[in-house]
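Summary of structural features
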Amino acid sequence: MKKPIKEQKMILVILLSNVFIAFLGMGLIIPIMPSFLSVMNLSGSSMGYLVAVFAVSQLIISPFAGRWVDRVGRKVMIVSGLFIFSLSELIFGLGTHVSIFYLSRILGGISAAFIMPAVTAYVADITTIQERSKAMGYVSAAISTGFIIGPGVGGFIADFGIRMPFFFAAAIACLAAITSIFILKEPLSKEERGMNTSNGQESTFFKDFKKSMNPTYIVAFIIVFVLAFGLSAYETVFSLFSDHKFGFTPKNIATIITFSSIVAVIIQILLFGKLVNKIGEKRLIQFCLIIGGLLSFVSTVISGFLAVLIVTCIIFLAFDLLRPALTTFLSKAAGNQQGFVAGMNSTYTSLGNIFGPALGGILFDVNIHYPYIFAGIVLMIGLGLTIAWKEKSLSEFSNASS
């Protein structure tokens with residue numbers, strides 16, 4: 001049952017605020033990571049491994065978290081995820097040895113596995129099929145907005161100490177968790193959530209993974225993996241690439257990410273829903289894969305702040321449109337299995353995030369251009385996979401969900 005419009009809007013605002021705060025916390029640390037890694041004497045491959053261990057943790061937990069979203073509730077998972085994220089940032093800020101950083105990243109992966117499937121399922125609960133693409137666009141915009149403010153705030157806070165952004169991220173995530181306890185309500189009753197589980201059967205990673213092979217959304221899941229694989233390889237080394245090749249300062253990096261994210265948010269809010277309704281998820285995804293792939297190659301030959309800013313802006317926009325387009329498709333195909341599909345979406349993302357950053361970091365240590373070439377090739381492979389994607393019409397999705 002859908003919420004009254006006024007209540008629905010209020011709940012959506014709260015959900016978007018939680019996602020915004022979580023990604024604000026993540027964005028805070030981006031511009032200071034090169035300096036932080038330099039202080040800790042860590043290499044580019046070490047940064048890749050830190051991102052990868054986050055993804056491994058998210059991968060292991062995501063299938064179970066997807067089920068828990070249906071069984072214990074959306075609110076419980078969101079609040080728990082925010083508290084765990086707060087703890088992970090606090091530990092990273094206090095860490096003095098690489099083993100502590102790995103522990104922090106493991107907790108961070110668990111928090112991501114809790115938060116995103118729960119938010120996605122919650123949004124699906126309170127929206128209709130017709131409203132969903134627009135709402136998912138808002139979620140993606142909240143993510144981008146977090147990255148807009150995060151790097152700028154992180155660069156400013158870093159002036160007071162290179163560890164201060166981590167402590168700030170921990171504080172705002174904890175505040176968001178406490179606020180959600182008192183304001184957020186569970187969208188479905190225990191009985192309604194029970195209808196979404198597998199008839200009482202215990203979920204296992206392998207059972208869920210096998211179920212994800214359903215022709216309805218397997219190609220979309222594969223594209224999720226390919227996107228995460230190439231994108232994470234690109235994003236993991238972006239700050240290192242800018243620092244090593246151009247000598248950009250944390251504030252330069254923050255400026256590029258902030259401007260790029262502003263453009264992405266404006267387009268997501270104003271045009272994403274209209275683009276999906278007009279050309280469909282498949283064509284939008286194909287167009288974004290083409291742009292992202294080609295400009296990944298272009299990134300290896302450009303020079304100068306303005307050129308990097310323009311190319312990065314367009315690439316980030318393509319990536320930020322890809323995410324909600326894929327999420328919208330999967331949510332429409334999920335029917336009453338929102339928790340499961342959201343969890344597997346996170347699982348395939350994690351699989352890509354495991355291998356992409358690790359390989360990207362290794363390639364960076366060999367040649368700083370290789371991660372971008374690698375990302376471009378992987379995105380082109382993703383484009384080829386979309387040929388096998390058979391879309392369903394809106395009416396078919398509606399029938400499947402009823």
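Before any of the text, the structure's been laid out above.
All of the points below concern the structure found in this document. (Residues numbered from 1 in each chain as written. Predicted model: local features only at pLDDT ≥ 70, side-chain atom pairs only at ≥ 80, totals over all residues. Heavy atoms only, no water.)

Description of a nonpolar patch on the surface
Note the following rule: The patch calculation keeps residues exceeding 30% relative accessible area without a salt bridge and links them within 9 Å when they carry like charges or within 5 Å when they are nonpolar (Val, Leu, Ile, Met, Phe, Trp, Tyr). Each accessible area is a Shrake-Rupley estimate made with a 1.4 Å probe; only the visible protein chains count as cover when residues are assessed. By definition here, a salt bridge exists when the distance from a side-chain nitrogen of Lys or Arg to a carboxyl oxygen of Asp or Glu is within 4 Å. Strands are runs of DSSP state E lasting at least two residues, helices are runs of H or I lasting at least four, and both sets are numbered from the N terminus onward.
A surface patch of nonpolar side chains, amounting to about 680 Å² of accessible area, comprises Tyr49, Leu359, Ile362, Val366, Tyr370, Ile373, Ile377 and Ile381. For the nonpolar patch, the element with the most residues is helix 15 (residues 370–385), which contributes four residues.

A closer look at the packing of aromatic side chains
Our working definition: Stacked, edge-to-face and tilted are the three classes for Phe, Tyr and Trp ring pairs, Trp counted by its six-membered ring, which pair at centre distances within 6.5 Å; planes under 30 degrees apart are stacked, over 60 edge-to-face, the rest tilted. Residue burial is assigned from relative accessible area. The probe radius is 1.4 Å, only protein chains are included, and a residue is buried under 20% of its type maximum, exposed over 50%, and partly exposed in between.
By the definition in use, this model includes seven aromatic pairs. Note on Phe92 and Phe101: the rings are 4.6 Å apart at their centroids and 25 degrees apart in plane angle, and the pair reads as stacked. Pair check on accessibility: Phe92 and Phe101 agree, each one buried. Taken together, a centroid distance of 5.8 Å and an interplanar angle of 80 degrees make the contact between Phe241 and Phe246 edge-to-face. Overall, the relative accessible area of 3% leaves Phe241 in the buried class.

What to know about the nonpolar core
Side chains of nonpolar character tend, in soluble globular proteins, to be buried together. Let me state the cut-off plainly: Here, nonpolar core means buried Ala, Val, Leu, Ile, Met, Phe, Trp, Tyr and Cys residues that are tied together by side-chain atoms lying within 4.5 Å of each other. Any two residues whose heavy atoms approach within 4.5 Å are treated as being in contact.
If you look at the biggest cluster of nonpolar residues, it comprises 49 residues, and the most contacted ones within it are Leu284, Ile285, Phe319, Leu322, Leu330 and Tyr348. Those elements that provide at least two residues to this core are helix 3 (44–71), helix 10 (218–236), helix 11 (238–246), helix 12 (250–298), helix 13 (305–334), helix 14 (338–366) and helix 15. Broken down by element, this core gets its largest block of residues, 14 residues, from helix 13. In contact with Tyr348, other than residues within four places in its own chain, are Phe209, Ser212, Met213, Ile218, Phe221, Val224 and Phe225. Ile14, Leu15, Met77 and Ala113 belong to the second-largest nonpolar core, a separate cluster that totals 36 residues.

Describing the side chain of Asn18
By secondary structure assignment, the location of Asn18 is in helix 1 (residues 5–28). Setting aside its immediate chain neighbours within four residues, Asn18 contacts Ile78, Leu82, Ala176, Ser180 and Leu184.

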